[in-house]
Amino acid sequence: MTEFESESASRDPDRLRRRAGVRGDPDRDQHFLVDDRVLDRLPGYLPADADRSHVLEIGGGTGALTDRLLDVSERVTVVERDPELAAFLREEFADAVEAGRLAVIEGDALAVELPPFTACVSNLPYGVSSEIAFRLLPEGRPLVLMVQFEFGERMVAEPDTPEYGRLSVSAGHYADVELVETVPREAFDPQPRVESAVVRCTPREPTYEVEDEAFFLRFVKALFTQRRKTVRNAIRNTAHISGLADPDAVVEAVDEATLSRRPGELDPSAFAALARTARRVSDVGGGQ
Ligand SMILES: C[S@@+](CC[C@H](N)C(=O)[O-])C[C@H]1O[C@@H](n2cnc3c(N)ncnc32)[C@H](O)[C@@H]1O
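Please read all numbers here as calculations on a predicted model, not as lab measurements. The residue numbering used here restarts from 1 in each chain and proceeds along that chain's sequence as written. Totals for whole chains, interfaces and linings use every residue, but because this is a predicted model, local features are given only for residues with pLDDT of at least 70 and side-chain atom pairs only at 80 or more, for both listing and counting.

Participant: Help me out: how do you make sense of the UniProt feature "binding site: S-adenosyl-L-methionine" (unreviewed entry) in the chain in this one?
Facilitator: UniProt positions are given in the numbering used here, feature names are shortened, and annotations may be inferred rather than shown by experiment. UniProt annotation of "binding site: S-adenosyl-L-methionine" (unreviewed entry) refers to His31, Leu33, Gly59, Glu80, Asp108 and Asn123 when read in the numbering used here. Helix and strand assignments follow DSSP, with helices taken as H or I runs no shorter than four residues and strands as E runs no shorter than two, numbered in order from the N terminus. Following the sequence through the fold, Gly59 ends up in the loop between β2 (54-58) and α3 (64-72). Dropping the residues within four chain positions of it, Gly59 is found in contact with Glu80, Ser122, Asn123, Leu124 and Pro125. By the secondary structure assignment, Asn123 is in strand β5 (residues 119-123). Classification of Asn123 by C-beta neighbours within 10 Å gives buried; the count is 28. Here, residues touch in the contact sense if the C-beta positions derived from the backbone fall within 7 Å of one another. Every C-beta atom is placed from the backbone, and the number of other C-beta atoms within 10 Å of a residue's own sets its class: buried at 20 or more, exposed at 12 or fewer, partly exposed in between.

Dropping the structure here:
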């Protein structure tokens with residue numbers, strides 16, 4: 001039992017939903033976790049040395065995960081967009097709110113100001129999981145995120161696989177990403193259409209040198225829009241996205257072995273080398 005755990009067992013997810021009086025609306029990304037074993041495991045996926053003093057949860061729902069997070073952390077902040085659910089969370093966890101251990105921010109996780117959290121554990125709203133993940137990753141904190149299985153697979157994919165793409169390179173730029181659990185549809189109510197996955201993101205510095213991070217990420221995005229083309233053609237065809245003023249100069253400066261490969265065959269350090277060369281020989285505008 002941790003410092004913050006009470007004697008009582010965790011709140012029952014079904015009871016929480018009954019008390020909240022909501023059914024969960026898939027159109028509003030509401031798929032509540034109802035499997036106690038999954039709920040119990042989620043906080044434990046944080047890296048062992050993670051600072052748990054202020055845990056962020058995106059999408060509190062009816063509080064089944066919030067309850068577990070309060071067991072392991074001194075302080076929890078929940079962001080919940082649904083006003084009814086935000087009000088329910090404040091009421092259900094009134095003791096924790098009063099004790100200054102729980103803050104409920106009602107609003108869109110993509111728009112609200114985030115608190116200075118030390119770690120994040122969330123069952124993400126799947127419709128905006130990519131946007132939320134890329135809001136959280138640059139913060140450099142450990143993250144445990146429930147996402148759609150296919151999204152999780154793309155986050156951890158290696159070069160030369162069909163799943164490898166912009167998401168794999170950009171997530172891997174900020175963190176070591178591992179898929180730690182596959183979660184069946186039955187663990188949720190209402191059930192999502194597809195399986196889910198839990199990914200753990202452990203922050204670390206990139207293993208390669210990047211001089212202009214914004215350009216690197218935009219360049220990766222640009223090249224993957226042409227993943228079936230050669231790198232040569234992808235550089236030339238996507239200057240409007242990468243912002244390269246002189247793509248021909250870049251092609252001239254890069255070796256033939258790289259130019260004749262496909263973007264999906266380049267590992268992140270090869271992308272970084274390409275981006276450094278591009279930046280050296282061409283001006284760069286804003287791109288898309
Ligand atoms: C997948 S449910 C998870 C609920 C709860 N944490 C659980 O595990 O049962 C996602 C929650 O995020 C909320 N939500 C949807 N879009 C949101 C957004 N843009 N910002 C914040 N919360 C959002 C939904 O209302 C819902 O409560």
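From this point, the discussion proceeds with the structure in view.
Participant: Help me out: how do you make sense of the site of the ligand in this one?
Facilitator: Put plainly, near means the residue's C-beta atom, positioned from the backbone, lies within 6 Å of the molecule or strand in question. Every one of the 23 residues lining the ligand counts as a neighbour, but Gly59, Gly61, Ala109, Asn123 and Pro125 are closest to it. Of the residues belonging to the shell around the ligand, the class tally is 11 nonpolar, 6 polar and 6 charged. Side-chain classes are defined by residue name, with Ala, Val, Leu, Ile, Met, Phe, Trp, Tyr, Cys and Pro counting as nonpolar, Asp, Glu, Lys and Arg as charged, and the others, Gly among them, as polar.

Participant: Just to check I follow, could you spell out the environment of Ala278 for this structure?
Facilitator: Along the chain, Ala278 turns up in helix α14 (residues 268-281). Accessibility expressed as a C-beta count within 10 Å gives 26 for Ala278, which makes it buried. Sequence separation of Ala278 and Phe134 is 144 residues, and the distance between their C-alpha atoms is 24 Å. Those residues in contact with Ala278 that sit more than four places away from it in its chain are Phe219, Leu244 and Val250.

Participant: Is there a simple way to explain the packing of helix α9 (residues 213-224) against α14 in this structure?
Facilitator: Two quantities define a packed helix pair, namely the angle between the axes and the distance from one axis to the other. For helices, the fitted line uses only the C-alpha atoms of the stretch in contact; every axis is such a line through C-alpha atoms, and the angle between N-to-C directions lies from 0 to 180 degrees. Between α9 and α14, whose axes approach to 10 Å, the crossing angle comes to 110 degrees. The pairing of α9 with α14 is recorded here as roughly perpendicular in orientation. The element α9 and its partner α14 pack so that their crossing is right-handed. Counted together, Phe215, Phe216, Phe219 and Val220 of α9 and Phe271, Ala272, Ala275, Ala278 and Arg279 of α14 form the full contact between these two elements. Taken together, the residues that form the contact of α9 with α14 break down as 8 nonpolar, no polar and 1 charged. Put simply, angles under 35 degrees are roughly parallel, angles over 145 are roughly antiparallel, angles from 65 to 115 are roughly perpendicular, and the rest are oblique. We call a crossing left-handed when the near helix sits turned anticlockwise from the far one by less than a right angle, and right-handed when that turn is clockwise.

Participant: What is the right way to look at the UniProt feature "domain: Ribosomal RNA adenine methylase transferase N-terminal" (unreviewed entry) in the chain in this model?
Facilitator: When the UniProt feature table is mapped onto this chain, "domain: Ribosomal RNA adenine methylase transferase N-terminal" (unreviewed entry) is found at residues 38-205. Secondary structure content for residues 38-205 is 32% helix and 27% strand, while the C-alpha to C-alpha distance between its ends is 30 Å.

Participant: Just checking my understanding: could you explain the nonpolar core for this structure?
Facilitator: Here is a general trend for soluble globular proteins: nonpolar side chains tend to be buried in one another's company. Counting 60 residues, the largest nonpolar core has Val121, Ala171 and Val199 as the members making the most contacts within it. If we ignore the near neighbours within four places in the chain, the residues touching Val199 are Leu145, Val147, Gly152, Met155, Val156, Val177, Glu178, Leu179 and Val180. To count as a nonpolar core, a set of buried Ala, Val, Leu, Ile, Met, Phe, Trp, Tyr and Cys residues must be joined through C-beta atoms within 7 Å. Among the nonpolar cores identified, the runner-up in size contains 21 residues, and Leu223, Ala234, Leu244 and Ala272 belong to it.

Participant: I tried to follow the sheet that holds strand β3 (residues 75-80) on my own but got confused; where do I start?
Facilitator: Two modes of strand pairing occur in sheets, parallel and antiparallel, and in both the strands are linked by backbone hydrogen bonds. Pairing is mixed across the open sheet formed by 7 strands, whose spatial order is β4-β3-β2-β5-β6-β9-β7. The open sheet has two edge strands with one neighbour each: β4 (102-106) and β7 (175-183). Taken pair by pair, the neighbouring strands of this sheet meet at an average axis angle of 20 degrees, ignoring direction. Contacting β6 (143-148), β7 and β9 (196-203), helix α7 (residues 149-156) runs over the sheet at an angle of about 150 degrees to β7. Note on pairing: DSSP must find at least two bridges between two strands before they are called paired.

Participant: Where do I start with the pairing of β9 in this structure?
Facilitator: The two faces of a sheet get side chains in turn, since along a regular strand they alternate between them. In terms of burial, β9 is largely enclosed, as 6 of its 8 residues are buried. Alignment of β6 against β9, held across 6 bridges, turns out to be antiparallel. The residue of β9 that forms the bridge with Leu145 is Val199. Two elements, β7 and β9, share 8 bridges in a ladder whose sense is antiparallel. Bridge assignment links Thr182 to a residue of β9, and that residue is Ala197.

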